[in-house]
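Tertiary structure, described
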Amino acid sequence: MDRLAETEHALAVTDRLWRAEMRRAFGPDAVLLHGFGAERQGEPGTRLRTTFEARRSAIAAWRHVRRPAT
């Protein structure tokens, strides 16, 4: 259970950082307007790309921990 809490925390932090970068780059409605388009990734080498990749990794880790053991 500790691992799940850790991954949830990491996901919350990285999501907050990515959302802040989206707002900085595209304005207050950025996630609503661009959250599912290519713009959400940012260009290579940008802060938006860095936060997008961190969030993507956090989502993958969270999903992995939530999978039931088989």
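Residues numbered from 1 in each chain as written. Predicted model: local features only at pLDDT ≥ 70, side-chain atom pairs only at ≥ 80, totals over all residues. Heavy atoms only, no water.

What about the nonpolar core?
- By size, the foremost hydrophobic cluster in this structure holds 5 residues: Trp18, Met22, Ala30, Leu48 and Phe52.
- Breaking this core down by element, the ones donating at least two residues are α1 (2-26) and α3 (47-66).
- Among all residues touching alanine 30, those that are not within four sequence positions of it are Met22, Arg23 and Gly35. (Core = buried A, V, L, I, M, F, W, Y, C linked by side-chain atoms within 4.5 Å. Buried < 20%, exposed > 50% of the residue type's maximum accessible area, 1.4 Å probe, protein only. Helix = DSSP H or I, 4+ residues; strand = E, 2+ residues; numbered from the N terminus. Contact = heavy atoms within 4.5 Å.)

As for the side chain of arginine 55
- Mapped onto the elements, arginine 55 comes out in helix α3.
- By relative accessible area, arginine 55 is classed as buried at 19%.
- For arginine 55, the residues in contact, after removing those within four places along its chain, are Leu11, Thr14, Asp15 and Trp18.

Geometric values such as these leave the question of function open.
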